[in-house]
Amino acid sequence: MIRNILRGAVLAAIFASPLAQAQQYPSKAVSIVVPFAAGGPTDTVARVMAQAMAKPLGGQLIVENRPGAGGTVAAEYTAKANPDGYTILLHHIGMSTAPSLYRTLRFSPLESFEHIGLINDVPMTLVAKPGFPAKDFKELLAYVKANKSKVSYANAGIGSASHLCGMLFMSAIETDLTTIPYKGTGPAMNDLIGGQVDFMCDQTTNTTGQIRAGKVKAYGVTSKVRVPSLKDIPTLDEQGLKGFEVGVWHAFYAPKGTPKPVVDKLVAALQESLKDPTVKQRFNDLGTDPIAQDKATPAAHRNHLKAEIEKWAPLIKKAGVYAD
Ligand code: ASP
C-alpha cells in the first residue's frame, strides 16, 4: 500500500517535471498576446500566424489583445507570465523603441524574454481621411504646414509604430501636429475612414485594403523602394523626405525561463509556417512578405533587436519624446 502511494507520487512528480511538461507541450491552447486592439495590423499578423502555426505546433493558438501604453502593457504582462510556453508575445518594432521612449520600463526587451524569431517586415503608408484637401504629397505638405496643430494625426500611443512614423514625419517637416492616441490603429482606421481624424501613418497590413477600396487617400510609403502591391504610391524619400525609412518588423517572444524544448517547438512551428504558401499569399496581399528562414531564429531575432535598440536610441533622443 505504502509502496503504491510512493510509486504514484514518484510518477506524478515525473509527469509534472518541466522536462515532461515540455515533451507533452502543447497540451492546451497557446495564447498569443498582442499589444494592440483587435482589427489592427499587429492583430492581423497574429491571426495569420495563429492559424498557420496550429498544425506544425500540434495545438491551438488563440489571440489575446492587451493594448495599452504603446505596447508596453502587453510586453510587461508577457515578461511576468508563467514561463511554460502557453503565453507568448507577438510584438513589433516598438520593442526596440520602448527603452528610449519610456523613463520607467518594468521589463527588459533583451533580458526578460526568450527570443523566438522574426516573422515579417512591413512598410508603412501615409494615409488621410477621404475628404482630405490635398491631391498629392506636395499639397499635403503645404496644407499641414499652413494649418499645423489644427491637423490631427492618429497613432497607437507612445511606442507604437504609428507614433514613431509620425514623430519622424513631424521632425522631417519641422511641424507639430495634434496627435490623437488610440488603443491600436484598427480603431484609428475606423475614425480615419469616418473623417474624425485627419491622417496617420500605418502598416500596409492595415491600409492596403482601404487604399484599394478608395476609403482613405494614400500619399506615400515609408520603404526605400516602392511596395509591389501598391506600386502607384511613391516613397516619401522620392517625394523629397530624403532618407525617410521605417520598416515595421514583427517577432515572437516567450517569458525568460521558458524551457528550451518548448522554445525549440515554437521556433520550428514559426519556421514551418513561414514556408506555407497560404501565409506567403496572405502576407503578399497585405503588402508584406514572410521573413527569410535564417532570420526566423532566436539568435537572429536577438541580434536584430539589439541593433534596432541601438539604432533608434539617438534618433529618439534627438526628437526629445519621452513617456513615464
Ligand atoms: N499599427 C499599430 C502601431 O502603430 C499597432 C496596431 O494596432 O497594430 O504600432
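How each quantity is defined
Residues numbered from 1 in each chain as written. Predicted model: local features only at pLDDT ≥ 70, side-chain atom pairs only at ≥ 80, totals over all residues. Heavy atoms only, no water. Near = heavy atom within 4 Å. Polar contact = N/O pair within 3.5 Å; in protein donor to acceptor, adjacent residues only side chain to side chain. Areas by Shrake-Rupley, 256 points an atom, 1.4 Å probe, with all protein chains shown as cover. Helix = DSSP H or I, 4+ residues; strand = E, 2+ residues; numbered from the N terminus. Nonpolar A, V, L, I, M, F, W, Y, C, P; charged D, E, K, R; others polar. Buried < 20%, exposed > 50% of the residue type's maximum accessible area, 1.4 Å probe, protein only. Contact = heavy atoms within 4.5 Å. Pairing = 2+ DSSP bridges. Right-handed = clockwise from strand over helix to strand, strands pointing away.

> How should I be thinking about the site of the ligand in this particular structure?
The environment of the ligand is made up of F36, P41, T42, H92, A156, S160, A161, S162, G184, T185, D202 and Q203. Here A161 contributes a backbone N or O atom positioned 2.8 Å from an oxygen atom of the ligand. A distance of 2.7 Å is found between a nitrogen atom of the ligand and a side-chain nitrogen or oxygen belonging to D202. For the ligand, whose free accessible area comes to 270 Å², the fraction covered by protein is 100%. Those elements that provide at least two residues to the shell around the ligand are α3 (41-57), α7 (161-173) and β7 (199-203). The class makeup of the residues in the shell around the ligand is four nonpolar, seven polar and one charged.

> I keep staring at helix α4 (residues 72-79) and nothing clicks. Help me out?
In an α-helix, one turn spans 3.6 residues, which is why side chains three or four residues apart end up on the same side. Where burial is concerned, most of α4 is hidden: six out of the eight residues are buried. Within α4, burial applies to T72, A74, A75, E76, T78 and A79. Packing partners of the buried residues in α4 comprise β1 (30-34), β3 (87-91), α5 (94-101), β4 (113-128) and β9 (247-255).

> What's the story with the pairing of strand β2 (residues 61-65) in this structure? I'm lost.
On any regular strand, side chains alternate: one points to one face of the sheet, the next to the other face. As paired strands, β1 and β2 are joined by five bridges and run parallel to one another. Considered in β2, the bridge of V34 is made with N65. The handedness of the β1 to β2 crossover, carried by α3, is right-handed.

> Would you mind showing me how to read the environment of P83 here?
With respect to the secondary-structure elements, P83 resides in the loop between α4 and β3. Sequence separation between P83 and A254 is 171 residues, and the spatial gap between their C-alpha atoms is 7.0 Å. Not counting the four nearest positions on each side in its chain, P83 is found in contact with P255, K256, G257, T258 and P259.

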